[in-house]
Amino acid sequence: MQNGKDFVEGWEPVSDFSRESSHCLVMRPGSEVLIPQGSTTPSFWWTQEMTPETSWSSYKIGTLGGKKVVLVTAPNNAAAPQGWEWVSMRVFFLQGEEALVHLLGRAAVLTAWNDEGQFCGRCGAKMQVDESEPARVCPQCSLRQYPRLSPAVIMRITDGKKILLARNRRFPGGLYSSIAGFVDAGECAEDAVVREAMEEVGLEVGQVRYLGSQCWPFPHSLMLAFSAEAQGLPEPDGVEIVDAQWFDGAQLPELPKKGSISRWMIDSWLEEQGFPLPHDSL
Ligand SMILES: [Zn+2]
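Residues numbered from 1 in each chain as written. Predicted model: local features only at pLDDT ≥ 70, side-chain atom pairs only at ≥ 80, totals over all residues. Heavy atoms only, no water.

Visitor: Quick question: what am I supposed to make of helix α3 (residues 189-201) here?
Guide: One turn of an α-helix holds 3.6 residues; hence residues three or four places apart share an orientation. Helix length check: α3, at 13 residues, gives a terminal C-alpha distance of 18 Å against a target of 18 Å (1.5 Å per residue), a fit within 8%. Every buried residue belonging to α3 is among Ala189, Ala192, Val193, Arg195, Glu196, Ala197, Glu200 and Val201, and all of these are buried. Gly202 occupies a position one or two residues after α3 and carries a positive phi of about 65°. (Helix = DSSP H or I, 4+ residues; strand = E, 2+ residues; numbered from the N terminus. Expected span 1.5 Å × (residues − 1). Buried < 20%, exposed > 50% of the residue type's maximum accessible area, 1.4 Å probe, protein only.)

Visitor: Teacher, can you tell me more about the pairing of strand β10 (residues 150-159) here?
Guide: Two faces make up the sheet, and in a regular strand the side chains alternate between them. Buried residues dominate β10, accounting for nine of its 10 residues. Direction of pairing for β10 relative to strand β14 (residues 221-229): parallel, over a ladder of nine bridges. The residue bridging Ser150 from the neighbouring strand is Ser221, located in β14. Of the strand pairs in this sheet, β10 and strand β12 (residues 179-182) are connected by four bridges, and their pairing is antiparallel. Considered in β12, the bridge of Ala152 is made with Phe182. Hairpin connection from β10 to strand β11 (residues 162-168): two residues lie between these consecutive antiparallel strands, with Gly160 at a positive phi of about 60°. (Pairing = 2+ DSSP bridges.)

Visitor: Which parts of the structure should I look at to understand the nonpolar core?
Guide: Most often, soluble globular proteins keep nonpolar side chains buried together rather than apart. Counting 32 residues, the largest nonpolar core has Leu25, Met27, Val33 and Ile61 as its most contacted members. Looking at which element gives the most residues to this core, the answer is helix α2 (residues 98-116), with nine residues. Both of domain 1 (7-115) and domain 3 (150-273) provide at least three residues apiece to this core. Listed in part, the 21 residues of the second largest apolar core include Val153, Ala189, Leu203 and Leu224. (Core = buried A, V, L, I, M, F, W, Y, C linked by side-chain atoms within 4.5 Å. Domains from an automatic or database assignment.)

Below, the structure written as structure tokens:
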């Protein structure tokens, strides 16, 4: 999944900015975005008569259609101004245009970084923001801290015309999806696919191939999608995965929303195999 053409990444800590020449996005940790109450799209402040709290950090994080995008990061417990509300950006992220998804992903990762990286993890001193790139530097011990990205693998396991889908304990309703997991320290992504498949559904997979990636900023994952092949009866681990089954491409359960890389790779397999794409209410 490629990034949009209209959002161009940039970096500049901002002490003051002009609302007339900026898109201003306000976020707080937990990938929450500030929107007018009842609004269905993320709002940018330049149309509103609002002034950011002075304690909220601001960064220029790029340009959208040539116009500056300023991210205002509010603290974890920040109250919403009157007439506004905090909402999870997940819906906007899944519905959004590619440029908006790119922008929101960058904003969410940087908001988490701003929240978690105020003090040096080595000596405890107050960190200073780097002017040249999104990083913090410790004035005492020179430790550099970059925004955290946590690579995870998500895998489309198939056997001929069948696809393996699983129910995670945390999934709502009757949702089934591809299995996924974080890459361990020192592990390559392909080995993580093999390990996760064995741990979560007891299957030995082969033919592991990279398909694509998606920023998944809840709060800072990078999803790496792979295809793999396997045979045999899945055995859910019973801890994270409560059910796993082989599904015929023409008889699928409820799937993840369009816009997620999981749905993208399931749909692309259905198309390759000549199955109709399932109806999606989104
Ligand atoms: Zn330090």
